[in-house]
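# Structural overview
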Amino acid sequence: MEKSEVQEKVKKVVANVLKLDPEEVVDDANFIFDLGADSMQSLELVAAFEEEFDIEMDEDKALAIQTVSDAVEFIASYL
Amino acid sequence: MKDFKYNLDKLFYPDSIAVVGTNKVVGTVPHDILRNILDADFNGVVYPVSPKERFVAGIKAYRYVTDIPDPVDLAILVFPSSVIHLALEQCGQIGIKAVIIISAGFKEVGGEGLEREKRVKEIADKFGMSIIGPNCLGVINTDARSKINASFARRMPEEGSIGFLSQSGALCTAVLDYAYAKHIGFSKFISFGNKADVTEIDLLYYLKDDPKTKVILMYLEEVTDGPGLMKAAQAVIKAGKPVLILKSGRTSEGASAAASHTGSMAGSDEVCDAAFRQARIIRCQDIEEMFNIAIAFAYQPIPKSKKIAIITNAGGPGVLTTDAAIHDGLELAKFSEETTEILKKNLPKTANIKNPVDVIGDARADRYNVALSAAFKDPDVDGVFVILTPQSMTEIDLIAREVAKVSSHYRKPVYTSFMGEADVAQGIDVLQRNKIPHYTLPESMCRAFATVYQFGVEQKEQPKQVKTFKDVDDKVVADIISEVKSSGKNYLTEDLSDKLLKAYGLPIVQAEVASSPEEAVKIAESIGYPVVMKVVSDQIIHKSEAGGVLLKINSADDVKNGFEKILKNANTYDPNAQVKGILVEQMVPDGEEVILGLKRDNSFGPVIMFGLGGIYVEVFKDVSFRVAPLSMYDAEHMIAETKSATILQGIRGKKPGDMEKLLECILRLSQLAVNHPSIKELDINPLIVREKGLGAFVADARIMI
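Quick notes on the rules
- Residues numbered from 1 in each chain as written.
- Chains lettered and ligands numbered in written order.
- Predicted model: local features only at pLDDT ≥ 70, side-chain atom pairs only at ≥ 80, totals over all residues.
- Contact = placed C-beta atoms within 7 Å.
- Nonpolar A, V, L, I, M, F, W, Y, C, P; charged D, E, K, R; others polar.
- Domains from an automatic or database assignment.
- Pairing = 2+ DSSP bridges.
- Helix = DSSP H or I, 4+ residues; strand = E, 2+ residues; numbered from the N terminus.
- Axes fitted to C-alpha atoms, helices over the stretch in contact; angles between N-to-C directions.
- Buried ≥ 20, exposed ≤ 12 C-beta atoms within 10 Å, placed from the backbone.
- Parallel < 35°, antiparallel > 145°, perpendicular 65-115°, else oblique.
- Left-handed = near helix turned anticlockwise from the far one by under 90°.
- Arc of directions from axis to C-beta.
- Core = buried A, V, L, I, M, F, W, Y, C linked by C-beta atoms within 7 Å.

### Things to note about the interface of chain A and chain B
On the chain B side, the residues contacting the 7 residues of chain A number 9 residues. Residue composition of the side of chain A that touches chain B, by class: 3 nonpolar, 3 polar and 1 charged.

Now the structure itself:
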């Protein structure tokens, strides 16, 4: 999968889980600080990424990811 | 540069507060803090800041703190710890100087948390901000000018004059609940958490100048800057405000493998105890004791003397109170003839009109009124204790009101103990609402009064001066230490210890090291008999244990035999020990053996020890401690605290010891401790104190560097 495709899907998932306008989900957005994710939503995001990309991620490492672009890199490493 | 006063004024008296990271979820910290600020009727503007919500609790919310169009005085950060640095940076950018970080996940979790906390401190310093926390409950200010409950405590406390500082956020909630039930109010209530930036020392200085605070209470888990804490407390106390500290962690950490007696006995809690006493901090054993004393300071004037009148409606409790009062050093006032006449005229014949006054079991409010008024008016009475037991006819409520009414006309303190729980509850409530100190037990009442009285006495004492001795040779001391260090050792042999102590003016007995029996005889004869002989070896630290000390050597033959005997004993004790020689030393003919010691404490720095000396020092442990530098007052009091003091005063026909010389030795040791931080531990055991005018002599010393 191309990185751009990963990026598009990640942003779609984030917008969906956090109930945001997709335009708000920019690359350098911090999940907590900029997008308002709480701890439950952080777990939901991990589950949603796993489902969308059909992967199984290391949960601790996944939860330590801070920004959208870091999430794209992290998920791409599993593909 | 940080303007500390300005920043803390913004913390306690902000015109505007931003709650950064708040949300709409009731029952969460980010939400409840905002709710608490609003419910306490904050006297200013509140700005919720939330990445997602556009309004919270009916107030417009901003996405970032940088979006707020007006100046913000105080920011409360409730984001998770991983993003606090982002929020803090933005606060700095818009000129916010006061910040409270509620979030946990910093130094207290170690690892990455420690790094996060360092980052927080760096940002604070970069922007000149003052930060409370992280990992705290928050801050409360009951002053009507402000009325902030910037915390996630369940309720806003009543306004009062007690300032409370705590290192534990959870304990704060329990304290608030406890105080609320007893109508105890606070001026300022601060949970300072990890103290990454603002510490308890900073807060002490701030509250020193706070006109709303009369007495300061503190719960502390660790002392990071002992001397700083002592200095701050002394400044606060000098300003007339008592400082009460409940310090946890009493259990001994176990003295680290210390070579000296001082090292093994000066556990961290003993040192903390001594340091607090030295700084006149009132150390409390538990929360209840702390508040028992605090309400006495907050509600009532300091008594002019320790003479009290006890008014009771029951003989037994009257006796209990009397016993407790005498035990705590108080005195029963002696009523004047006029007082006695008034009591005789107005109380039943069966009443006891001497002190303690027993108005007897069937007393109603009117009898209490008579007894109270007479007691307050009596010129010998400087404090009134009121005891009540709930008989079937006792007007508990009315009597409580009578106490409040009568006492309000006089500048003498009144303390009460309405004994019981259920029936007396309403009366106690009346007392508490009227700011009359109430105690469940008369013993607590007496202890509180005695503590307040003692504070008043100490306030009148002269400030302490630290003497500096000019006739000391710091260079000689430094050279000796350097010489020993460069040889790879950490222990000074006796000859070097003597030389070092002599350079600081400590009185050393004549001594010289001999390398042969013949040389030993020559030295003994030049010093004069009797002499003491001791092994000199880097490997043998406890010489007596090794059989390396012989006393009362009176002849040349004894010297020769003694020399051989010591060598043999040393070899038996440690065959690998290298014996440099045998020290032949003048023997002090008489005197009392005391121990002087020095140790470095992790929190308080150099600590001096004094006590009953000799080889059983660790058994009897009749010792006291003070933090260097010591004043004459400190030295005098540390001696007076021990049982040795009585011996030194002269008992069973013995003359008093040379206290002047002993005090001088303690103060010289204190100066040595401060000027030479390389000296890690030091024992002078014994220092032989001869009778007054004959001096004191260092008979043995052990120095570790």
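So that's the structure; there's more coming.
### Things to note about the domain arrangement of chain B
If you check the domain split of chain B, you get domain 1 (4-213), domain 2 (302-459), domain 3 (511-587) and domain 4 (592-704). The distance between the C-alpha centroids of domain 3 of chain B and domain 4 of chain B comes to 26 Å.

### A short note on the sheet that holds strand β8 (residues 138-141) of chain B
Residues and elements named next belong to chain B. With mixed pairing, the 7 strands of this open sheet are ordered in space as β9-β8-β11-β10-β12-β13-β14. The open sheet has two edge strands, β9 (148-151) and β14 (282-283), and neither has a second partner. The pairing of strand β10 (residues 159-166) with strand β11 (residues 186-191) spans 6 bridges and is classified as parallel. If you follow leucine 165 over to β11, its bridge partner there is isoleucine 190.

### Section: the sheet that holds strand β1 (residues 16-20) of chain B
Residue and element names in this part refer to chain B. A sheet is described by the order of its strands in space; here 5 strands give the open sequence β2-β1-β5-β6-β7, paired in parallel fashion. At either end of the open sheet lies a strand with only one pairing partner, and these are β2 (45-49) and β7 (130-132). The sheet shows a mean angle of 20° between the axes of neighbouring strands, direction not considered. Summarising the sheet, β1 and strand β5 (residues 74-77) pair through 4 bridges and their orientation is parallel. Looking at the pairing, valine 19 lines up with isoleucine 76 of β5. Where helix α3 (residues 84-93) meets the sheet, its contacts fall on β1, β5 and β6 (98-101), and the angle it forms with β5 comes to roughly 175°.

### A closer look at the environment of leucine 18 of chain A
Residues and elements named next belong to chain A. Its place among the elements puts leucine 18 in the loop between α1 (3-17) and α2 (39-53). Exposure remark for leucine 18: the 20 C-beta atoms within 10 Å place this residue in the buried category. Distance in space between the C-alpha atoms of leucine 18 and leucine 35 is 7.6 Å, their sequence separation being 17 residues. Beyond its immediate sequence surroundings of up to four residues, leucine 18 is in contact with Leu35, Gly36, Ala37 and Gln41.

### Here's the deal with the packing of helix α13 (residues 365-377) of chain B against helix α14 (residues 396-407) of chain B
Residue and element names in this part refer to chain B. Contact geometry for α13 and α14: axes closest at 9 Å, N-to-C directions at 25°. Overall, the two elements α13 and α14 adopt an arrangement that is roughly parallel. Between α13 and α14 the crossing geometry is right-handed. Counting all contacts with α13, which are made through Ala365, Tyr368, Asn369, Leu372, Ser373 and Phe376, the residues of α14 involved are Leu398, Ile399, Glu402, Val403 and Val406. Per-class residue counts for the contact of α13 with α14 are 8 nonpolar, 2 polar and 1 charged.

### Considerations on α3 of chain B
All names here are of chain B. Buried residues of α3: Ile84, Ala87, Leu88 and Cys91, and no others. Buried positions in α3, seen along its axis, are confined to an arc of 100° and lie on one side of it. Structurally, α3 contributes buried residues whose contacts are with β1, β5, β6 and α4 (112-127). Among the residues trailing α3, glycine 95 stands out with phi positive, at a value near 85°.

### As for the nonpolar core
Nonpolar side chains tend toward joint burial in soluble globular proteins. All names here are of chain B. Ranked by size, the top nonpolar core spans 224 residues in total, and within it Ile76, Leu77 and Ile311 carry the most contacts. For this core, the leading source of residues is helix α10 (residues 287-299), giving 9 residues. Not counting chain neighbours up to four residues away, the residues in contact with isoleucine 311 comprise Val357, Val359, Tyr368, Ala371, Leu372, Ala375, Val384, Val386 and Ile387. Of all hydrophobic cores here, the second largest spans 20 residues; its members include Ile523, Ile540, Val559 and Val584.

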